[in-house]
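# Structural description and commentary
Each chain, written out:
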Amino acid sequence: MKSRVLGMLVLLPCLFLQGCAMLMPSYNKPDVRLANVEMLKSNLWEQSFRLQLRVDNPNSKPLPIRGMQYQVYLNDTRLATGVSNNRFDVPAYGSETFELEVRSNLWRHLADLVKLVEKQQAVDYRIEGHISTGLFLAPNIHLKEKGTLDPSQLSF
């Protein structure tokens, strides 16, 4: 009798953990790319940019996006850090774009970035942060993406 009770006490937590794993949706990490950077306005103390990001969902089910925390770097210069409460769903095996309006104080670096674009030199970027799916028991999706922007596609 004691051994059965002891066996049940060991077995119940294992079954509970298995059940939780089945409830917790697993997602492959989405691919997040910076599609465009557009300068909205600029003065000596602050610049406003519109960043267009593209999210590609490699999963067989829709990926809900309920918010994100991010840092965006252009040529290793931090362009923006912030949070967004944009809410949207990326379809299964699909893509969705969204825009972030960010403010920065890059006035000492801005001339260098504009020169790179004018000379048609590539601009490297890096996005770091995490995406919240808002799903019950689902962990945040960690972001660490980098790439290169074609200067002919940038709007300054």
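Each remark here, short or long, concerns the structure printed above.
A brief report on the enclosed structure follows. (Residues numbered from 1 in each chain as written. Predicted model: local features only at pLDDT ≥ 70, side-chain atom pairs only at ≥ 80, totals over all residues. Heavy atoms only, no water.)

## As for the sheet that holds strand β4 (residues 67-74)
We apply this condition: Criterion used throughout: strands pair if DSSP finds at least two bridges between them. Only runs of H or I of at least four residues qualify as helices and only runs of E of at least two qualify as strands under DSSP, and these elements are numbered from the N terminus. Interaxial angles span 0 to 180 degrees and are taken between N-to-C directions of axes, which are lines fitted to C-alpha atoms, for helices over the stretch in contact.
Pairing is antiparallel across the open sheet formed by 4 strands, whose spatial order is β5-β4-β8-β9. Whereas interior strands pair on both sides, the edge strands pair on one side only; in this sheet they are β5 (77-84) and β9 (141-149). Taken over all neighbouring pairs, the strand axes of this sheet differ in orientation by 15° on average, direction set aside. Where β4 meets β5, 7 bridges bridge the pair, whose relative direction is antiparallel. Looking at β5, one finds that tyrosine 73 is bridged to arginine 78.

## Some points on the nonpolar core
The criterion, for reference: Only buried Ala, Val, Leu, Ile, Met, Phe, Trp, Tyr and Cys residues count toward a nonpolar core, and they belong to the same one when joined by side-chain atoms within 4.5 Å. Here's how the labels work: a residue is buried when its accessible area is under 20% of the maximum for its type, exposed when over 50%, partly exposed in between, all with a 1.4 Å probe on protein chains only. Should any heavy atoms of two residues lie within 4.5 Å, those residues are considered in contact.
Counting 28 residues, the largest nonpolar core has Leu34 and Leu51 as the members making the most contacts within it. Beyond its immediate stretch of four places on either side in the chain, leucine 51 contacts Leu34, Asn36, Val37, Val72, Leu79, Phe98, Glu99, Leu100 and Val102.

## A closer look at the packing of aromatic side chains
The cut-off we apply is this: Each aromatic pair joins two rings of Phe, Tyr and Trp (for Trp, the six-membered one) with centres within 6.5 Å, and gets the label stacked for planes under 30 degrees apart, edge-to-face for over 60, and tilted for any other angle. By definition, being over a ring means that NZ of Lys or CZ of Arg is both within 6 Å of the ring centre and within 35 degrees of the ring normal.
By the definition in use, this model includes 1 aromatic pair. Consider the rings of phenylalanine 88 and phenylalanine 98, whose centres lie 4.9 Å apart with planes at 40°: the pair is tilted. Taken as a pair, phenylalanine 88 in strand β6 (residues 88-90) and phenylalanine 98 in strand β7 (residues 95-104) lie far apart in primary sequence, 10 residues in all. Under the relative-accessibility criterion, phenylalanine 88 is labelled buried at 14%. Note that arginine 126 overlies the ring of tyrosine 73, its terminal NZ or CZ placed 4.0 Å from the centroid.

## A short note on the sheet that holds strand β2 (residues 47-56)
Strands sit in the order β1-β2-β7 across an open sheet of 3 strands; the sheet is antiparallel. The strands lining the two open edges of the sheet, one partner per strand, are β1 (31-42) and β7. Averaged over all adjacent pairs, the angle separating strand axes in this sheet is 20°, with direction ignored. Both β1 and β2 contribute to a ladder of 10 bridges, which runs antiparallel. Looking across to β2, one finds that methionine 39 is bridged to phenylalanine 49.

## As for the side chain of serine 48
Note on placement: serine 48 falls in strand β2. In this structure, serine 48 is in contact with Glu38, Met39, Leu40, Lys41, Val102 and Arg103, ignoring residues within four places of it in sequence.

## With respect to the environment of alanine 122
The residue alanine 122 is located in the loop between α2 (107-118) and β8 (123-132) in this model. With a relative accessible area of 44%, alanine 122 lands in the partly exposed category. Here the alpha-carbon distance between alanine 122 and glycine 147, two residues 25 residues apart in the chain, equals 9.9 Å.

## Points about the side chain of glutamate 145
Mapped onto the fold, glutamate 145 is located in strand β9. Under the relative-accessibility criterion, glutamate 145 is labelled buried at 7%.

## Considerations on the pattern of salt bridges
Under the convention used in this document: In what follows, salt bridge is the name for a side-chain nitrogen of Lys or Arg lying within 4 Å of a carboxyl oxygen of Asp or Glu.
Tallied over the full model, the rule gives 8 salt bridges. Between arginine 33 and glutamate 145 there is a salt bridge; the shortest N-O distance is 3.5 Å. On the criterion of sequence distance, the pair formed by arginine 33 in strand β1 and glutamate 145 in strand β9 is long-range, its members being 112 residues apart. Residue arginine 126 is joined to glutamate 128 by a salt bridge in which the shortest nitrogen-to-oxygen separation is 2.8 Å. Connected through salt bridges with shared partners, the residues Glu38, Arg50, Glu99 and Glu101 form a single ionic network.

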